[in-house]
Amino acid sequence: MPSGGSRKGSGRKYKFGEPSADIGVPRSISNDLAVAIEYLWEQGIRGQELVQILRSAKLHRIRKYDYSVSAGANSTSSVGGDSMNTDYEEIDLYDALIEEPSKTIILPVIGDSMIGIGIYPGDWLIVEQINPLYQKPQEEDIVIVSIDDETLVKRYRREKGEVVLVSENENHKPIRRTEGSIYISGIVKIAIRRNLSKL
């Protein structure tokens with residue numbers, strides 16, 4: 001019986017419901033690639049959607065430079081010029097911004113009650129969902145809270161046994177409630193400014 005070479009149907013057996021094809025990828029990443037494809041498949045991603053995700057993966061990486069820019073009279077940036085073309089690393093914003101993907105959602109903002117900390121109408125909030133039965137926000141967290149069929153973003157505080165939901169705008173008064181009369185569904189991790197030109 002001849003030895004060596006590849007045999008039809010040999011190798012790892014996949015569960016994708018159709019015949020597999022031999023593709024040339026570096027051996028060093030072949031197993032990781034297979035695991036990644038299987039993971040996406042198990043998430044319900046199929047066909048061209050799966051292909052597009054794999055094709056676009058490199059586009060998620062952007063350049064992050066090693067130096068800071070000055071935003072005030074007492075702060076200076078000592079690096080500039082040609083170094084802006086060389087001193088950088090490529091990062092994936094998804095990995096950099098999201099710690100718990102399965103618990104993370106994005107919510108758009110309406111209203112002006114949080115402009116004092118730079119959250120403006122039209123911005124996006126990256127929110128980590130919590131189960132309020134088991135998880136409690138920390139003092140001063142920015143939270144997503146439901147009160148009387150309205151969902152709000154506020155700063156969380158506790159005073160004398162009450163929950164105090166504080167706005168970052170002096171035109172909005174604090175809201176005081178008992179613990180059981182509100183539902184806190186998430187903690188804001190990051191605010192993404194999307195309307196900078198409208199200030």
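Above this text sits the structure in question.
Residues numbered from 1 in each chain as written. Predicted model: local features only at pLDDT ≥ 70, side-chain atom pairs only at ≥ 80, totals over all residues. Heavy atoms only, no water.

A.B. asks: Please clarify how the overall build of the chain should be interpreted in this entry.
C.D. replies: A count of helices and strands for the chain gives three helices and nine strands. The secondary structure elements of the chain, listed N-terminal to C-terminal, are α-α-β-β-α-β-β-β-β-β-β-β. Looking at the 199 residues of the chain, the share that counts as buried comes to 25%. Here the analysis covers contacts within the chain between residues at least 6 apart in sequence; of these, 50% occur between residues at least 24 apart. For the chain, the exposed area adds up to about 15,000 Å²; of that, 51% sits on carbon and sulfur atoms. (Helix = DSSP H or I, 4+ residues; strand = E, 2+ residues; numbered from the N terminus. Buried < 20%, exposed > 50% of the residue type's maximum accessible area, 1.4 Å probe, protein only. Contact = heavy atoms within 4.5 Å. Areas by Shrake-Rupley, 256 points an atom, 1.4 Å probe, with all protein chains shown as cover.)

A.B. asks: Whenever I open this one, the packing of aromatic side chains confuses me. Can you help?
C.D. replies: Two aromatic rings are characterised by how far apart their centres lie and by the angle between their planes. Taken as a whole and assessed by the stated rule, the structure comprises one aromatic pair. Ring plane angle 65 degrees and centroid distance 5.5 Å describe the contact between Tyr65 and Tyr88, whose orientation is recorded as edge-to-face. Taken together, the residues Tyr65 in strand β1 (residues 61-65) and Tyr88 in strand β2 (residues 88-92) connect sequence positions 23 residues apart. In this arrangement the basic side chain of Arg63 is found over the ring face of Tyr88, its NZ or CZ atom lying 5.6 Å from the centre. (Phe/Tyr/Trp six-rings, centres within 6.5 Å; stacked < 30°, edge-to-face > 60°. Lys NZ or Arg CZ within 6 Å of the ring centre and 35° of its normal.)

A.B. asks: What is the right way to look at the pattern of salt bridges in this model?
C.D. replies: Opposite charge on two side chains makes pairing possible when the charged atoms of those side chains draw close. Evaluation of the coordinates by the stated rule reveals ten salt bridges. The shortest N-O distance in the salt bridge between Glu89 and Lys64 comes to 3.9 Å. Placement of the pair is Glu89 in strand β2 and Lys64 in strand β1, with a sequence separation of 25 residues. According to the relative accessible area criterion, Glu89 is partly exposed, its value standing at 40%. (Salt bridge = Lys/Arg side-chain N within 4 Å of Asp/Glu carboxyl O.)

A.B. asks: Explain the sheet that holds strand β9 (residues 183-192) here, please?
C.D. replies: Across a sheet, paired strands are connected by hydrogen bonds in the backbone, their directions being either parallel or antiparallel. Read across the sheet, seven strands follow the order β3-β4-β9-β5-β6-β7-β8 without closing on themselves; strand pairing throughout is antiparallel. Either end of the sheet is taken by a strand with one partner, and the two such strands are β3 (104-108) and β8 (175-177). Neighbour to neighbour, the strand axes of the sheet diverge by 45 degrees on average, direction disregarded. As judged from the five bridges shared by strand β6 (residues 150-159) and strand β7 (residues 162-166), these two strands associate in the antiparallel manner. Following the sheet pairing, Glu159 is matched in β7 by Glu162. (Pairing = 2+ DSSP bridges. Axes fitted to C-alpha atoms, helices over the stretch in contact; angles between N-to-C directions.)

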